[in-house]
Amino acid sequence: MINKKSRDEIKRMRHAGHIVALVHKKMKEVIEPGISTKELDDIAHKIIRAERAIPTFLGYNGFPGCICASINEQVVHGIPHEDVKVKEGDIISVDVGATYAGMVGDSAWTYPVGNVSDEVQRLLKTTEESLFAGIAQMKAGNVLDDISSAIEAVAVREKMGIVRQYGGHGVGHEMHEDPFLFNYRVGDKTLIKSGYAIAIEPMLNLGCDEVVVADDEWTVSTKDGKPSAHFEHTVLATDDGNIIMTQLME
Ligand code: MG
Ligand code: MG
């Protein structure tokens with residue numbers, strides 16, 4: 001069942017989203033060659049706690065971090081570790097969730113570390129574009145397939161691989177609620193209604209679609225070892241368009 005969010009739930013969720021956006025603002029500032037993913041996790045943890053929120057990921061199905069930190073060919077679910085440091089030319093995807101007054105915000109962004117290659121820049125630009133193409137379709141009266149198709153069209157135009165095993169999801173009281181949202185067209189005619197909140201999150205690859213899960217049972221990487229990017233916002237559908245919940249409040 002897909003929950004419609006009440007006015008009060010939306011208010012709390014917007015606050016959770018603001019906290020997530022604060023974390024990303026800081027990530028953008030501090031990510032530089034030599035920083036470890038554990039340091040990034042500690043920074044995120046501090047910000048979330050200081051805002052009187054709970055790091056949603058910590059302990060989720062046993063996950064040991066507040067952020068997922070996934071470098072280069074890693075797609076999602078990388079575990080923060082003090083020995084894992086980024087270097088010039090890498091990209092790092094940071095996914096973070098915050099629960100504020102019982103409501104969740106969920107957002108991911110892929111950051112370049114120093115200068116990255118033109119190919120990798122194109123990957124980042126395309127994945128971000130596909131996110132916003134999907135967001136533009138998130139409005140009451142559309143169907144889920146409108147979002148999926150918009151994401152897919154951008155990926156196909158740029159000949160990027162689309163990760164198939166993971167996708168977007170309803171979000172609110174829980175991080176993962178109904179519905180599941182595919183990042184490619186599947187013919188899902190589920191109607192989007194005002195008050196639905198969905199985390200839209202394309203994961204695109206410079207190479208093939210396929211991914212593999214590491215022995216740690218978390219880290220997902222591309223099968224061909226080529227870089228992958230991940231951009232995500234929590235978005236609320238309204239009668240006249242949508243509201244991106246995971247951005248800074250004025
Ligand atoms: Mg996320
Ligand atoms: Mg998500």
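Scope of this entry: the structure provided in the associated data block. Position numbers for residues start from 1 in each chain and track the written sequence from start to end. Chain letters and ligand numbers both follow the written order, the letters beginning at A and the numbers at 1. In view of the model being predicted, local features appear only for residues whose pLDDT reaches at least 70, and side-chain atom pairs are presented and counted only at 80 or more, with totals across whole chains, interfaces and linings using the full set of residues. To get the side-chain values, all heavy atoms of the structure are used, and hydrogens and water are removed first.

### A closer look at the coordination of the magnesium ion (ligand 1)
Here is the rule: Only nitrogen, oxygen and sulfur atoms qualify as donors, and only when within 2.8 Å of the metal (3.2 Å in the case of Na, K and Ca); with water excluded, sites may look incomplete. Helix and strand labels come from DSSP, where a helix needs a run of H or I of at least four residues and a strand needs a run of E of at least two; each type is numbered from the N terminus. Throughout, exposure labels follow a simple rule: accessible area from a 1.4 Å probe, protein chains only, divided by the maximum for the residue type, with under 20% read as buried, over 50% as exposed, and the rest as partly exposed.
Surrounding the magnesium ion (ligand 1) are the protein donor atoms Asp95 (OD), Asp95 (OD), Asp106 (OD) and Glu232 (OE), at 2.0 to 2.5 Å. Positions of the donor residues of the magnesium ion (ligand 1) along the chain correspond to the pattern D-x10-D-x125-E. Distance-wise, the magnesium ion (ligand 2) is placed 3.1 Å from the magnesium ion (ligand 1), both being coordinated by Asp106. Separated by 137 residues along the polypeptide, Asp95 in strand S4 (residues 91-100) and Glu232 in the loop between strand S13 (228-230) and strand S14 (233-238) bring together distant segments of the chain. Judged on exposure class, the residue Asp95 and its partner Glu232 are both buried.

### Topic: the pattern of salt bridges
The line we're drawing: What counts as a salt bridge is simple: a side-chain nitrogen of Lys or Arg found within 4 Å of a carboxyl oxygen of Asp or Glu.
Counted by the stated rule, this structure contains 11 salt bridges. Note that Arg122 is salt-bridged to Glu158, the shortest N-O span being 3.0 Å. Taken together, the positions of Arg122 in helix H3 (residues 118-136) and Glu158 in the loop between helix H4 (144-157) and strand S6 (161-162) put the pair 36 residues apart, joining distant regions of the chain. In the salt-bridge network here, residues are joined through shared partners; they are Glu119, Arg122, Glu129, Arg157 and Glu158.

### Re the coordination of the magnesium ion (ligand 2)
For the magnesium ion (ligand 2), the full set of protein donor atoms is Asp106 (OD), His169 (NE2), Glu201 (OE) and Glu232 (OE), at a range of 2.0 to 2.2 Å. For the magnesium ion (ligand 2), the single-chain donor residues occur in sequence as D-x62-H-x31-E-x30-E. For Glu201, a relative accessible area of 6% puts it in the buried group.

### Overview of the sheet that holds strand S9 (residues 197-200)
Filter applied, for reference: A pair of strands is considered paired only if DSSP assigns at least 2 bridges between the two. To obtain each axis, a line is fitted to C-alpha atoms, and for helices this fit is confined to the stretch in contact; angles are then taken between N-to-C directions over 0 to 180 degrees. Note on definitions: a residue-residue contact is assigned when non-hydrogen atoms from the two residues lie within 4.5 Å.
Read from one edge of the open sheet, five strands run S8-S7-S9-S14-S15, paired in antiparallel fashion. Only two strands of the sheet have a single partner each, and these edge strands are strand S8 (177-181) and strand S15 (241-244). Taking the axes of each pair of neighbouring strands and ignoring which way they run, one obtains an average angle of 30° across the sheet. Sheet strands in contact with H3 are S9, S14 and S15, and its direction is about 20° off that of S14.

### A look at the environment of Val113
Tracing the chain through its elements places Val113 in the loop between strand S5 (103-112) and H3. What makes Val113 buried here is its relative accessible area of 0%. Remark: the alpha-carbon pair of Val113 and Arg164, spanning 51 residues in sequence, is separated by 26 Å. Residues in contact with Val113, not counting those within four places in the same chain, are Ile31, Glu32, Pro33, Val86, Lys87, Glu88, Gly89, Asp90 and Ile92.

### Structural notes on the packing of aromatic side chains
Convention followed: Between 30 and 60 degrees the pair is tilted, below 30 it is stacked and above 60 it is edge-to-face, where a pair is any two Phe, Tyr or Trp rings, Trp via its six-membered ring, whose centres lie within 6.5 Å.
Overall, the coordinates contain four aromatic pairs when judged by the stated rule. Centroid distance Trp109 to Phe231: 4.7 Å. Interplanar angle 75°. Geometry classified as edge-to-face. Here Trp109, found in strand S5, pairs with Phe231, found in the loop between S13 and S14; they are 122 residues apart in sequence, far enough to count as distant. Each member of the pair, Trp109 as well as Phe231, is classed as buried. Grouping aromatic residues by their ring pairs yields a cluster made of Phe180, Phe182 and Tyr184.

### Concerning the sheet that holds strand S10 (residues 203-205)
Two modes of strand pairing occur in sheets, parallel and antiparallel, and in both the strands are linked by backbone hydrogen bonds. Sheet architecture is open: three strands sit in the order S6-S10-S13, paired in antiparallel fashion. Strand pairing shows two members of the sheet lacking a second neighbour, S6 and S13, which therefore form its edges.

### Some points on the packing of helix H1 (residues 7-30) against helix H2 (residues 37-50)
Helices that pack against each other are described as a pair by the angle of their axes relative to one another and the distance between those axes. Put simply, the rule reads: Each helix crossing is assigned a hand: it is left-handed if the near helix lies turned anticlockwise from the far helix by less than a right angle, otherwise right-handed if that turn is clockwise. Following the grouping adopted for this structure description, the nonpolar residues are Ala, Val, Leu, Ile, Met, Phe, Trp, Tyr, Cys and Pro, the charged ones are Asp, Glu, Lys and Arg, and the polar ones are all others, Gly among them.
Between H1 and H2, whose axes approach to 9 Å, the crossing angle comes to 145°. The handedness of the crossing between H1 and H2 is right-handed. Judged by residue contacts, Ile19, Leu22, Val23, Lys26, Met27 and Val30 of H1 engage Leu40, Ile43, Ala44, Ile47 and Ile48 from H2. Here the contact of H1 with H2 is built from residues that sort into 10 nonpolar, no polar and one charged.

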